[in-house]
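Observations on the three-dimensional arrangement
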Amino acid sequence: MANTEGLTDEVVSSMLAMPSPDEERQLHCRRHQHTRFPQSAMARREQMMESLGEGEMPAARVIRTSKAPVIQSSSALRSRTQNNGIKEPITPTPTAERTQQNEDRDLPRNNSVANKNSHRPVILSDSIRERPVELNTNIIKSATAQPRKRESRFKQQQLRKDGSTNPTMGGFPSLDFAPVGSLTRKGRSARVQNSSSAVSNQKNSPTIQSASQHSTKINPSTTSQTTIDVGTTTESMLANMSIEEIRDGVEEVKSILSAESIAFLRERGKQKQQEKVIKQKEAPVREIIAIQNEAGPSLTKEMELELEEKKIREGKEKVAELLSNIRTPEDMDHAYNEAIELGLAPSLPTSSLEATVGVHSTDERNSKLYTATSLLRSTSFRQRLLGARSVCNILEEDVKTILDKRQRNYFSISSDDRIPLQKAYPPLLPVAIRCILDESLAIAHTSGGMTLLSQGLRSIHCLMKLFVHPYHLVDVNPSTIGVRDPFELYATCFMSEISHVPTGAELYPPTKITPIEKSGTNGSCYRADSSAASAESDSKVFYSDPSWILLSRMRILPCLSDVITSLSKHVSSGGRVQVSALQSVCGILAMLAVRSPGAALAIANHKGLLPFLSMYCLSPRSDEICALFGTQNVLPFLILLCTLARQSKDVARLEMPFDTIMPHLQGILCFQAEKEDELQIQMWSLVLVRILVRYGLATEHVQFLISIAAPYVAVQKPQNKICVHFLSLFACICDPSNVIQRQNDGQLSSTSEQDNSLSMSAVWLSSSVKSCTTMLPALLRDCRSDDTVSVLEMASSQLRFLASFTNAAKQSVATTLVPILSQESCRSVIDSVLGQSDLLKYSLEISLGWSYRASWLEMDVKSRTICLEQEAIACAYVISFMDLVMHFATDDMIAQKLRGVVLRALSDVRSKHEKHVHTGGNSVHVARQSWFIEAEYSVLKYLSNIEAKENDRSLISAFAVSLVGRLNVGHEAIAYFVFGQKALFMATCNQDDCTYLFRSLFLGELSLTSKDRKAQLEQSDKLFNKGPLNSLRCTADFSAATSTRGDRFFLPVGTTWLWNVLSSTITPDEAYGEDRGVKNATDIVVGALSLLVQLETSCPLQINEGTKLYHLCNVCLLPEEILRDDVIMVHVNLLFNQLQFNCKELNDSMVVRDFIRECFQHSRLSRVKKSDEDEPTVSLAAEPLLLDDEARALDDFVGDICESFIEYGGQYVVCTRFMRFFLWHDFPVKITKFVLEKLQPILNVLSVEGESTVSLQFSLAQSINGGLPSRDSSPRDSSARLDVFAATLKKTNKLIRTDYFYMLAISYLSRNLASSLQRCECGLEAMKNRLAGVTSATFYDVVLTSKQLLCDNVCTKESLVGCVIDRCQDDSADLQRQDTETQQFWHWSQSDETVTWKRAVDFLEASKGD
């Protein structure tokens, strides 16, 4: 008897239920016929079940098959008993039929009673459930046997699917078509059953069945099944092995097999995996096709539903299998990618708001973005991580695309496309990403928590890059620094510490946001109980001003403090911060600091932000190759510090971080850089030191810095890039020394140690400056064409150092501490530069390329052949050289050589732009504007100190005027210098200074108008004249009382600033009395007009003629006391003649269009500024191309001109000529009609007494559209315009034939009559109706002029006007001078209208034939 000690009751009961030896043999036989599981698989399952501890449950429930009880009626049993065991056929019900069939399948061939009552062993377990199974015994019936019952649906599906007679091969029966717990469909039609039965009987016929059995011997399904079993075994083994065991097994296999064999096996494994995936994709399709082919037209809707259910169920099972293998975030990525390949990735629903926005975004990219955004607020950590990764990848691709586009446009502000981008992103995306950062402290220690945090930081950083103003974008990516941002080139190539970034108030619309209430010590917001409307409104504001909403509503600084705390804990536990996360933190803080100086100060003072970044980025790291610093970490942090320091001196003087990082910076500069990224770090370290020295800070480190630079400065070669920045640092050291020597009131608060360091700096730098004087000539002499840019960069830094040192030495002549550089050595340097004139000409051509242009608009593509780096270096070279030459301005030899080079460069630029006036194109980046302006200023400053010839004075004056028109905020000191130069604004050398009041007007606007403007002028003066600074920003710190931008800034004055003097409102000055005020106003207008006459005669400004005509026309609105001045009348007539002559070569429609556009722009200055969201609409009542606002502005202006003309302007010839200008054919008909109706009583005043025929002909020719359309292809006049002229002729009785308007009307009407006679009858009928009511003399002149036009072979508008003038000025051609018969023949009245008109047409037809 077996020992059962220690066994449980359940195990003993199962052992007692084991089958007898006979039953076991029968079962063994049946197993061979119907193999369900390999023995090894069953053994593994039993081993897994036995390995479970007490009370443990398996990972899943097993649904196992077992024999189902057979239930029969009592009558059937009696029938069998009465027939002595012989079964009688029983007609079963559908349910009983399947039950009987199941029983027959389970019976062996001998049908013994013992086998009939035997049971399979049952293993008792709570996790194993029993269900009946349908088996196929493959009993071959004889021909005399009764017909076989219909096969079950399960068997039919299995046969069709596998083509096998064993439906249970390979494992448990499939549950696809009969799952446990599913409802049975009732009411299947008999047709389907019969067809299914027929198919089953056909497939189970003896012949087919025997063939099937024979084919099983060579059927590859057995091999395939074996392969599947091997794969299952392998996967099971790997699942039960640890990582170390797997690694050991791999090493063992590698030691046994060769490398070629391993490569072959790996390649074969990949192919099998790919084939497996393809089969999984195609299996449902093949199955559906097979079933459709077999069932044919018998496939019903129920079967289609079953197939669809199977497909859905298989997809769910595959998804469950993928999810069950996820253990790490990397596994989740692999599972998601595989699900996408299989087409199983779910499309999650979005909110109603997202769905509304998504209507406009139907592409795949936006669909993914909206789906990923919905995952960000999921309660599942893995879903949030998946959503964050997807969002981050999409945003980074968008950022790359946008930055590439901006780079192609040279970072022009015209390419700012932030508003269209707002519609491409989900409304709640910023809030959803911001909420991820709230969990920084909670998820930092979890698996994948740092990854999620990094994705959130990168996403916020990308959103800021996309939606901050392009001028507020700070790039901290080491791979793109110095290539994509002109602001960085301004610091690294142009070598300037000034920040020309506009303030947020200038770039963003005003925003009013109520800060959220602080509910705790952390920076979390938008919790579950937050208002959805608040989140949506904040996201909307984020897309328009991201930095402001992050600082206010989203409380990003406390949030980033928590993030950095998490990073610090992660580092203290031995972890590493991802480089991308660190760059994102630095980038976010840098763009927040640019938004406002207050934000920069808050960031610098926050104890939870910069200390950890300073420690982690700048501390020595043993894991780096150079064993000094992490190149990917330190550069973003240095750029952040430079951005903070430029904002305010209060930030730069903080002990943390700027004082504490100086030892680290010294260590970085001591290191010998070998790679490009290491050189970038040293370069930005010197930029930061230059900024601190520019404030007068860190001067105690000057001696040590000079000693560090000695090895680099000793070799001043073009390849020595770091030497360029050390020489620029030396120049910055000389500037504060110069300031201390000039300032005696202690404005620069420095300690005695700092004073001594700056005073002694000249002594320490004496050897370096002598090296520059000896090495610079050799550098220029050995320059090759391929080294031009690098040579210019080195030479510009050398010249800048020499200029700064010379200036400092000049200020300290009385002291013995600073050695003075000899003038002979400086002259030799200047002579070497002038001797190598090709480099100077090349630099002047680039730096003066925008001279004489009226606006900062790209004119052509040729200017883009020069990269931004070349522009910055060339401008720096010109500025450094001119600063050095300024100390020798009295040297005639130098002045003679340099004057010729500079004036030739200006003349070449002027002639190149002479015939090109551009009003469209991309606006130039503000940093590019600044280095061009500073280069032009340095040249103009030199030219104003030397005597210019009479022929060159206009060229220099035009150069100064165009420069003033392009100055921007921060250049007030340059404007103050220009207006202070009397020589730049003198019309002639012998004339008195008539521009004194004109210049005083602008000087007063710069400094005396308000306190804020004065503060802005002082700030600009300190920036460009090296004074003590409180900020390196181009704008000053204003008082809070002033709110409007116009009260703070005078610049920019615009391209038409000189012409604007004529269109400005002038009122008498009450302080001087009315008479003195009129005299001052008259002198201002005279000064502007005299300068304009000189410029337009010899060197016209690059402004449209229509714009000039508008501002000159405003002279007619001046008070009569000013207008009657003889000098004003002379200058206005000269200007009008010049402009009218220039218009002859242009298209008249362009001139009128420019006139109307300038009228509208000027009218906006006196009106309330419209909202940016209000777009102008096209006027339907006016001309098709005229906007409503432009039409209203033109109506108002023309009305004022007419009132002034009627009141007093009619007595001045210039006013009469402007009234004629409004009758040009390109003005809207509405304007022409208004002017004629307004002047109808005094139309005769439009004639000028004593006007020459040439002048009259020129004026009339510009007013009409052309000659005869059939001859010169000119357009015909509109019927509305012709009606206006005809109606005016009918109303006016005072006109004579020599009046200007009469001749103009005859020109219009005769031209149209002749054209209508050639074209169509409808035109003649319209002309008949139009001329009805005019006098007979007028009708006679129109017809006779038309005849002459038809006879003229070359009919231009000049010849047409000539015919009209000749006829109207000939008294003998008047109808009143003709005989009575002729007068009666041409009598034009209502009674004789038809007859006379027929005579006129016949007369014209006869002349047409001639």
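Right above here is the structure, for reference.
Glancing now at the nonpolar core. Among the nonpolar cores identified, the biggest contains 342 residues, and Leu-1112 and Phe-1222 are the most heavily contacted of them. Not counting residues within four places of it along the chain, the set of residues in contact with Phe-1222 comprises Cys-1113, Phe-1155, Phe-1197, Val-1198, Ile-1201, Phe-1227, Ile-1231, Thr-1232 and Val-1235.

As a further point, take the pattern of salt bridges. Oppositely charged side chains can form a pair if their charged atoms are brought close together. For the structure on display, the rule yields 32 salt bridges. Taking the shortest distance from any N to any O, the salt bridge between Asp-891 and Arg-827 comes out at 2.8 Å. Here Asp-891 is found in the loop between α42 (868-885) and α43 (892-912), whereas its partner Arg-827 is found in helix α40 (residues 823-835), with 64 residues between them in sequence. On the basis of relative accessible area, Arg-827 is assigned to the partly exposed category, the value being 28%. Taking the shortest distance from any N to any O, the salt bridge between Lys-1238 and Glu-1203 comes out at 2.9 Å. With Lys-1238 in helix α58 (residues 1229-1238) and Glu-1203 in helix α56 (residues 1188-1207), the pair connects residues that are 35 residues apart, well separated along the chain. Judged by its relative accessible area of 30%, Lys-1238 is partly exposed.

For the structure on display, the rule yields eight cavities of 30 Å³ or more. By volume, the largest cavity amounts to about 280 Å³. Forming the boundary of the largest cavity are 19 residues, of which Phe-487, Ser-499, Val-501, Thr-643 and Arg-646 lie nearest the centre. Counting only elements with at least two residues in the lining of the largest cavity, the list comes to α22 (486-492) and α30 (631-647). Class assignment of the residues belonging to the lining of the largest cavity gives a composition of twelve nonpolar, four polar and three charged.

Glancing now at a nonpolar patch on the surface. On the surface, a cluster of nonpolar side chains totalling about 450 Å² of accessible area is made up of Val-253, Ile-256, Leu-257, Phe-264 and Leu-265. Counting only elements with at least two residues in the nonpolar patch, the list comes to α11 (243-256) and α12 (259-295). Position of Leu-257 relative to the elements: it lies in the loop between α11 and α12. We classify Leu-257 as partly exposed; its relative accessible area is 32%.

Close contact between helix α44 (residues 926-943) and helix α45 (residues 950-965) brings their axes to 11 Å; oriented N to C, the two are set at 145 degrees. Where α44 crosses over α45, the handedness of that crossing is left-handed. In contact with Ile-933, Glu-936, Tyr-937, Val-939, Leu-940 and Leu-943 of α44, α45 contributes Ile-956, Phe-959, Ala-960 and Leu-963. Here the residues of the contact of α44 with α45 sort into nine nonpolar, no polar and one charged.

Tracing the chain through its elements places Ser-648 in the loop between α30 and α31 (649-652). Here Asp-650 takes part through its backbone nitrogen, which lies 3.1 Å from a polar atom of the side chain of Ser-648. For Ser-648, the contacting residues outside a window of four places in its chain are Tyr-695, Asn-1030 and Ser-1031.

Definitions and limits used
- Residues numbered from 1 in each chain as written.
- Predicted model: local features only at pLDDT ≥ 70, side-chain atom pairs only at ≥ 80, totals over all residues.
- Heavy atoms only, no water.
- Core = buried A, V, L, I, M, F, W, Y, C linked by side-chain atoms within 4.5 Å.
- Buried < 20%, exposed > 50% of the residue type's maximum accessible area, 1.4 Å probe, protein only.
- Contact = heavy atoms within 4.5 Å.
- Salt bridge = Lys/Arg side-chain N within 4 Å of Asp/Glu carboxyl O.
- Helix = DSSP H or I, 4+ residues; strand = E, 2+ residues; numbered from the N terminus.
- 1 Å grid on protein atoms, 1.4 Å probe; cavity = no way out; pocket = protein on both sides within 12 Å on 5 of 7 lines; lining within 4 Å.
- Points joined across faces, edges and corners; volume = space filled by probe spheres on them.
- Nonpolar A, V, L, I, M, F, W, Y, C, P; charged D, E, K, R; others polar.
- Patch = residues over 30% accessible without salt bridge, like charges linked within 9 Å, V, L, I, M, F, W, Y side chains within 5 Å.
- Areas by Shrake-Rupley, 256 points an atom, 1.4 Å probe, with all protein chains shown as cover.
- Axes fitted to C-alpha atoms, helices over the stretch in contact; angles between N-to-C directions.
- Left-handed = near helix turned anticlockwise from the far one by under 90°.
- Polar contact = N/O pair within 3.5 Å; in protein donor to acceptor, adjacent residues only side chain to side chain.

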